[in-house]
Amino acid sequence: MFALPARLQLLDDRLAVRSNRLSRHRGLRDLLRVASRLGDGVAWYTLAACLFALFGGEALPALRHMLVAGVLGVVIYKLLKMHTLRPRPFEVVTDVVCAGCPLDKFSFPSGHTLHAVSFSLILAHHFPALGPAVYGFALLVAVSRPVLGLHYPSDVLAGAAIGACLAQGAIALV
């Protein structure tokens, strides 16, 4: 089971509560729900299809890197979730309200953030003009997770770090 040192867990709890309070603002909550839902994969699959339609074979290296990072990302985050068994903040922190739909039971790491970071880094590497858009979207996805009460901030940071490593590895090795 996942266990941060007590002081770090207290900080994570407090940050989770503060983040989640932002979900009280309907417009922000609705925006982040949409970003989170698109971060389930819809946005990335659509963008990949558009890139292939627009650039054909020129898009294949980026799509190959995304595929490798995506598959490895799923394996890594599922293994981590199965071994850490960290409950979601809305299940254990009384002041955190679930304002979104979790895709699975456990919190650590944030798979949405992992994939958003890895895919945005890969896409910006191959198509620099997309950088501002994909980085902005990745940031929205990452912010959505604790605001919606689905993840602790440390889950998001871990997901981002893993995603960055996967992107760099996919670009360097594939």
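Shown above is the structure to which this text applies.
In this text the structure is predicted, and so the values were computed from the model without any measurement.

Visitor: Go over the overall build of the protein chain, please, and point to the residues and values.
Guide: Across its full length, the protein chain holds seven helices and zero strands. Going from the N terminus to the C terminus, the protein chain shows its helices and strands as α-α-α-α-α-α-α. Taking 174 residues into account, the globule formula puts the C-alpha radius of gyration at 16 Å, and the protein chain, at 16 Å, falls close to it. With respect to the three principal axes, the spread of C-alpha positions in the protein chain is 50 × 35 × 20 Å. A buried classification covers 47% of the 174 residues belonging to the protein chain.

Visitor: Break down the environment of Ala 48 for me, with residues and values.
Guide: Here Ala 48 lies in helix 2 (residues 26-55). As a C-alpha pair, Ala 48 and Ala 59 span eleven residues in sequence and 8.3 Å in three-dimensional space.

Visitor: Talk me through the packing of helix 2 against helix 6 (residues 131-147); I want residue IDs and the actual numbers.
Guide: Here helix 2 crosses helix 6 at 135 degrees, and the two axes come no closer than 8 Å. Taken together, the axis directions place helix 2 and helix 6 in an arrangement best described as oblique. Considering the relative orientation of helix 2 and helix 6, their crossing is left-handed. Contacts between helix 2 and helix 6 involve Leu 31, Leu 32, Ala 35, Ser 36, Leu 38, Gly 39, Ala 43, Trp 44 and Leu 47 from the first element and Val 134, Phe 137, Leu 140, Val 141, Val 143, Ser 144, Arg 145 and Val 147 from the second.

Visitor: Give a description of the environment of Val 97 that names residues and reports values.
Guide: As for its placement among the helices and strands, Val 97 is situated in the loop between helix 4 (89-92) and helix 5 (111-126). Residues Val 97 and Gly 149, 52 residues apart in the sequence, show an inter-C-alpha distance of 5.8 Å. Every residue in contact with Val 97, bar those within four places of it in the chain, is listed here: Asn 20, Phe 90, Leu 148 and Gly 149.

Visitor: Before we move on, could you go through the nonpolar core and cite the residues and values that matter?
Guide: Counting residues in hydrophobic clusters, the biggest one holds 27 residues, and the most contacted among them are Trp 44, Met 66, Ile 122, Leu 123 and Phe 137. Counting residues per element, the ones that place at least two in this core are helix 2, helix 3 (60-84), helix 5, helix 6 and helix 7 (153-173). For this core, the leading source of residues is helix 5, giving six residues. Leaving out residues up to four positions away in the same chain, Ile 122 has contacts with Ala 62, His 65, Met 66, Ala 69, Ala 167, Ala 170 and Ile 171. Grouped together as the second largest cluster of nonpolar side chains are five residues, Ala 16, Val 17, Val 93 and Tyr 152 included.

Visitor: Could you give an account of a positive patch on the surface, naming the residues involved and the relevant values?
Guide: Taken together, the side chains of Arg 14, Arg 18, Arg 21 and Arg 24 present a region of like positive charge at the surface. Structurally, Arg 21 can be placed in helix 1 (residues 6-21).

Visitor: Before we move on, could you go through the side chain of His 115 and cite the residues and values that matter?
Guide: Its location among the elements puts His 115 in helix 5. Accessibility expressed as a relative area gives 11% for His 115, which makes it buried. Within the local environment of His 115, its side chain forms a polar contact with the backbone oxygen of Gly 111, the two atoms lying 2.9 Å apart. Leave out the neighbours within four places in its chain, and His 115 touches Gly 70, Gly 73, Val 74 and Tyr 77.

Each value, and the rule that gives it
- Residues numbered from 1 in each chain as written.
- Predicted model: local features only at pLDDT ≥ 70, side-chain atom pairs only at ≥ 80, totals over all residues.
- Heavy atoms only, no water.
- Helix = DSSP H or I, 4+ residues; strand = E, 2+ residues; numbered from the N terminus.
- Rg over C-alpha atoms; globule rule 2.2 N^0.38 Å.
- Buried < 20%, exposed > 50% of the residue type's maximum accessible area, 1.4 Å probe, protein only.
- Axes fitted to C-alpha atoms, helices over the stretch in contact; angles between N-to-C directions.
- Parallel < 35°, antiparallel > 145°, perpendicular 65-115°, else oblique.
- Left-handed = near helix turned anticlockwise from the far one by under 90°.
- Contact = heavy atoms within 4.5 Å.
- Core = buried A, V, L, I, M, F, W, Y, C linked by side-chain atoms within 4.5 Å.
- Patch = residues over 30% accessible without salt bridge, like charges linked within 9 Å, V, L, I, M, F, W, Y side chains within 5 Å.
- Areas by Shrake-Rupley, 256 points an atom, 1.4 Å probe, with all protein chains shown as cover.
- Salt bridge = Lys/Arg side-chain N within 4 Å of Asp/Glu carboxyl O.
- Lys, Arg positive; Asp, Glu negative; His and termini not counted.
- Charge placed at Lys NZ, Arg CZ, Asp CG, Glu CD.
- Polar contact = N/O pair within 3.5 Å; in protein donor to acceptor, adjacent residues only side chain to side chain.

Keep in mind that these numbers describe shape and distance, not what the molecule does.
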